[in-house]
Amino acid sequence: MTTPTLQNYHGSLKQALGDDFLRQTLDNFAVQYRANRQLIFADVNEKGLIAEIAESKEASLDHLEELYAQFREQAAKKGITVHRAATAKEAQELVCQLAKDYDCKKIIKSKSMTAEEIHLNHALIEAGLEVTETDLGEWIIQLRHEGPSHMVMPAIHLSRYQVADVFTEATKTNQDSDISLLVKVARQELRAKFVEADMGISGANFAIAETGTFAICTNEGNGRLTTTLPRVHVAICGIDKLVPTLHDALRVIKVLPRNATAQAITTYVSWITGALECQRTGTGQEKKLHIIFLDNGRSDLIKDTKCRQALRCVRCGACANLCPVFRLVGGHRMGYVYIGAIGLILTYFFHGHERAKVLAQNCIGCETCKDICAAGIDLPTVIQEIRARLNEEYGSTMDSALLGKVLQNRKLFHTLLKFGKWAQLPVKKGRYIRHLPDIFAPYQGFRALPAIADKAFRDLWPSIKPPEAPGALKIGVFAGCAQDFIYPRHLKAAVDILARLKVNLEFPETQSCCGLPVQMMGQRQAAIATAKGNIEAFQPFAPDYIVTLCASCASHIKSHYADLLAKENLGEQVKAFTDKIIDFSSLLTDVLKVKPETFVNNQERVGYHYPCHLIRGLGVVEAPKTLLGMSGQYLPSQEEDSCCGFGGTYSMKFPEISGVILENKLKRFEEAGVTCLVTDCPGCFMQLDGGAQRKGGKLKVEHMSEFLARHLAK
Amino acid sequence: MSTINTAAVDLFVAKAKPVTIQIKEVSSLSEALTLTLEICEQKPLGKLMLPVKDPDAPRKKTLAAPALAAESWDYLVKEGEKKGFEMIRDNLRQYLAGIDVAFSVATMGIADTATSVLESLSEDERLATMICETHVVALPKSKIVSDSYEAESYLRASMTKDRNFIAFVSGPSRTADIERVLTLGVHGPLELFVALINE
């Protein structure tokens, strides 16, 4: 198999974007899943369970060798032979050897991602064995000679017509495209395979050390047949599937099916403790039962403090389910064997850095996956860490290295931005840049790009600084580059409102970029340097709060500064700084307790786009709606909390995806009947406003500060 | 364990519906057997999943209850044969083309997921409950607990004591692998009845 290059990856993305069936299917799925998931979690404590799973998985990883030894001892007592495979190749060889030892010719399999991980089928077929997948989706993709496009629904990318074609070819009989009939074809065809098989291969969702039990979750019941009918059963799982007790497994089962398919439980959970009678072997004879624990890089990953949380994964597939990128391009472009956010990560650790090089770039950083992960894995942060390592290993692209260098020197960065103001003159058209020839900004035509403002906020500040308010709160303004240089009007509007509310405002001039863009690109040194510079800039002012109108800056500072600066010996300074950071909406509602009388409400029909970094990054839900309710007629719209497609540098790297996400987003606001769309982040603003401009500018887009300032009571 | 947790029973019944489990109320095990015979009588003759020599030859409906105690089995055979069924207690491997109905008794019920806990040491019971078109599970109400944590100590004891094959069964076999359309009966039963015994 060839390693993807960025160029052929773009080609493949384009192809997926043109697949109307795929797009429609994944769209429907995302919408239905979101609603069903909410319903099915209603009767359990979702966040509590996830936190417990994370904790128990971490504890298991700390004691994996003991758990393995305990499992092995318990299982051996009950007739199970336990193996350990260090590599994928070793695991393949073990299975082939077992087939040879027991004289097996025909093999049936129930679904196992671990078997997919090691490309087991290839090895078995090469060894002359006949292998049949029995999970319906897996069987379909096996017949098509392709890999799964989702960890739980491996054939989600195919239509009933494609399945009918595959079955027609496999059965040499014309098959109807009626889904219930197609399922019957599988029931019939696969029954014969079950009966003939000498060996059954299954995965394992859990291996319970205290009793030597392993468990398999399935909906179809093929797991129960695979483990019962053939005379040899080989189970294969990663060593990360070891848990100390039954309780740990029962706990995961409360979340895994809910998160995977919005079911309270899978139809079948089979708990296998020991080798039982097998009449195929002979009367009174036992089944030959083996379990293989696969390492394949897991032991090293456990020692990797920044990324080991990936081993908590329970393979529910939910990180793909709500991923805005997966929704557009499907699993074959969003992973290698493992799919979704966890797929980007595990590809790097299990299938080689080379293969992950391009894939790891395709995360928009919206944090939706982190928000719903069954094991509480901070997937976007691990992906950023992987990008940083890939940059160190392979060198970064010219533009990201250049940005990294420039951002480490604030004066140079700001001079360049001001120079940009003159450089853009030939293409500037009001507040926007005229459509650029593709050579300057390839495929950016889906949105209008903003121009650098005539006067940056830092230059406006001396003339708009409000008078001091003795005894009132002291609030520092963290401008962030986008609003300092491109949208100073957002900040100016915020200053007008805050001046009305009588607070002391300060704008420390030596502040710079928050560092998120370089962090996203994996430029670690630059991210550290900017973080340090900002803390030093605010130090002398000792503000009570530091407000930012950029949700991305706020979320980056709050979630990453502590980690970035861990080795910089700044002591309590870091926490003191990050604790003071607050978003504009929360400052108004929670701290300054703004009242409806502050605004004139003329019932303007206003919608709200939740920036990813506000709702998921900072957990802010109510504040914006409260403010819009005071100052206008707030109209809820579908998926107002899903990503707008900006993702910072993501939209430059993958404009084809960013553009489609934006288009869908704007459509939903139009459907809700809003005339003004408000958001709390200059990045989202740039994306949404740029898209609305391209569509003729009928939908007005404003930052929260602008909308509120426009409705400020006289 | 003879008291009935009525809240748990109600929860079981409520959770059974959305996962297409058909709940029946019976007063005793023998009534559950009678119900099973009726279900077998009413269902259409099952389809065979493997080729047979003479597909047009007349066939009897098949009903299996491998792990049933002798006394109940004697009753079931007598009544089943009266209705013209082929009654199966063992050698399930000879019936892998499929049977009509399998009957089994659950050792426990878990209410919040409408789960029947089957402990099937016998291969015949595991096979019968998978290759049938209709599975009837008898579950005494007194064995229903609220959630899996309440079943934990019992399950752990079973797993610790000796070898075991425990199945949580929470509906008929299902798939949504083609266009995410829910379809019942992909490998296992097309329908699942749970007969709640009032004891």
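The structure we're discussing is the one just above.
Below is a short write-up of the structure. Values in this document were obtained by computation on a predicted structure and should not be read as measured data.

With that settled, the discussion passes to the sheet that holds strand β12 (residues 432-433) of chain A. Residues and elements named next belong to chain A. An order of β11-β12-β13 is seen for the 3 strands of this open sheet, with the pairing classed as antiparallel. Looking at strand neighbours, the two that pair on one side only are β11 (428-429) and β13 (449-450), the edges of this open sheet. Two strands pair when backbone bridges link them, and β12 and β13 are joined in this way by 2 bridges, in the antiparallel orientation. In the strand pairing of β13, Ile433 is matched with Leu449.

Here the focus is the packing of aromatic side chains. Aromatic rings considered in pairs are described by the distance between their centres and by the relative angle of their planes. Residues and elements named next belong to chain A. Under the criterion given, the structure shown has 17 aromatic pairs over all chains. Ring centres of Phe71 and Phe293 lie 5.2 Å apart, and the angle between their planes is 80°; this geometry places the pair in the edge-to-face category. Placement of Phe71 in helix α4 (residues 64-77) and of Phe293 in strand β10 (residues 288-294) is noted, with a sequence separation of 222 residues between them. Centre to centre, the rings of Phe538 and Phe577 are 5.8 Å apart; their planes meet at 55°, and the pair counts as tilted. With Phe538 in helix α26 (residues 524-538) and Phe577 in helix α28 (residues 573-580), this pair connects stretches of sequence that are 39 residues apart. Classification of Phe538 by relative accessible area gives buried; the value is 2%.

The next subject is the sheet that holds strand β1 (residues 21-26) of chain B. Residues and elements named next belong to chain B. Reading across the sheet, the 6 strands line up as β1-β12-β7-β4-β2-β3 and stay open at both edges, with parallel pairing between neighbours. Two strands bound the open sheet, and with one partner strand each, they are β1 and β3 (86-88). If you compare each strand with its neighbour and ignore which way they point, the axes differ by 20° on average. Pairing of strand β2 (residues 62-64) with β3 involves 3 bridges; the strand directions are parallel. Note on β3: the bridge partner recorded for Leu63 is Met87.

Rules and cut-offs
- Residues numbered from 1 in each chain as written.
- Chains lettered and ligands numbered in written order.
- Predicted model: local features only at pLDDT ≥ 70, side-chain atom pairs only at ≥ 80, totals over all residues.
- Heavy atoms only, no water.
- Pairing = 2+ DSSP bridges.
- Helix = DSSP H or I, 4+ residues; strand = E, 2+ residues; numbered from the N terminus.
- Phe/Tyr/Trp six-rings, centres within 6.5 Å; stacked < 30°, edge-to-face > 60°.
- Buried < 20%, exposed > 50% of the residue type's maximum accessible area, 1.4 Å probe, protein only.
- Axes fitted to C-alpha atoms, helices over the stretch in contact; angles between N-to-C directions.

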